[in-house]
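Understanding the architecture of this molecule
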Amino acid sequence: MNENILLVEDDSEIAEMVMQHLQKEGINLYHVADGITAKNKLKTESFDMILLDLMLPGMDGMELLKEIRQFSFVPILILSAKGTDLDKALGLGFGADDYLAKPFSLLELSARVNAGLR
């Protein structure tokens, strides 16, 4: 595949699980643990997709999402423990392409990532 995905996730266990799973599928993952680092990385590097947690230190994921949409149309899949209908509607309304509530199945994550990359 050789797609490059930026994973923005502050929980190291979730990040490691996602990275190991998707790297087995040939996807290159780059991990950052906070919103400010993600914002700076996105200004200097190009990615095929972003996996974005909402509850992040420094800059929350919803604010980061709004800022990304000011300069990029990269596909964004939110991965969040905030799983209410309102949270999903807000995330999609602010420009996310998909939303997956934690805890999630790695099989479903793969399917959504592949769909987003198409």
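Right above here is the structure, for reference.
Below is a summary of the structure that appears in this document. Note that the coordinates shown come from a computational prediction; the quantities given were computed from them, not determined experimentally.

Below, the discussion takes up the environment of Leu107. With respect to the helices, strands and loops of the structure, Leu107 is situated in helix α5 (residues 106-117). Sequence separation between Leu107 and His21 is 86 residues, and the spatial gap between their C-alpha atoms is 9.1 Å.

Tracing the backbone through its elements, the reader meets Ser80 in strand β4 (residues 76-80). Looking at Ser80, its side chain comes within polar contact range of the main-chain nitrogen of Lys82, at 2.9 Å. When neighbours within four sequence positions are excluded, Ser80 is seen to be in contact with Asp53, Leu54, Tyr99, Leu100, Ala101 and Lys102.

What follows is about the pairing of strand β2 (residues 28-32). Residues in a regular strand point their side chains to alternate faces of the sheet. The sheet contact formed by strand β1 (residues 4-8) and β2 spans five bridges and is parallel. From the neighbouring strand, Asn4 faces β2, where its bridge partner is Asn28. Read from β1 through helix α1 (residues 12-23) to β2, the crossover connection turns out right-handed.

Bringing unusual backbone geometry into the picture now. A cis geometry characterises the amide bond from Lys102 onward to Pro103, with omega recorded as -5°. Its location among the elements puts Pro103 in the loop between β5 (98-101) and α5.

The buried fraction of β4 amounts to five of the five residues, a majority that puts the element mostly inside the structure. Here β4 shows a buried face lined by Ile76, Ile78 and Ser80 and a second buried face lined by Leu77 and Leu79. In this structure, strand β3 (residues 49-52) lies alongside β4, joined through three bridges in parallel fashion. Bridging from a neighbouring strand, Ile50 pairs with Ile76 of β4. Of the crossover connections in this fold, the one passing from β3 over helix α3 (residues 61-68) to the parallel β4 is right-handed. Bridge count for β4 against β5 is four bridges, and the pairing is parallel. Looking at β5, one finds that Ile78 is bridged to Tyr99.

Rules and cut-offs
Residues numbered from 1 in each chain as written. Predicted model: local features only at pLDDT ≥ 70, side-chain atom pairs only at ≥ 80, totals over all residues. Heavy atoms only, no water. Helix = DSSP H or I, 4+ residues; strand = E, 2+ residues; numbered from the N terminus. Polar contact = N/O pair within 3.5 Å; in protein donor to acceptor, adjacent residues only side chain to side chain. Contact = heavy atoms within 4.5 Å. Pairing = 2+ DSSP bridges. Right-handed = clockwise from strand over helix to strand, strands pointing away. Buried < 20%, exposed > 50% of the residue type's maximum accessible area, 1.4 Å probe, protein only.

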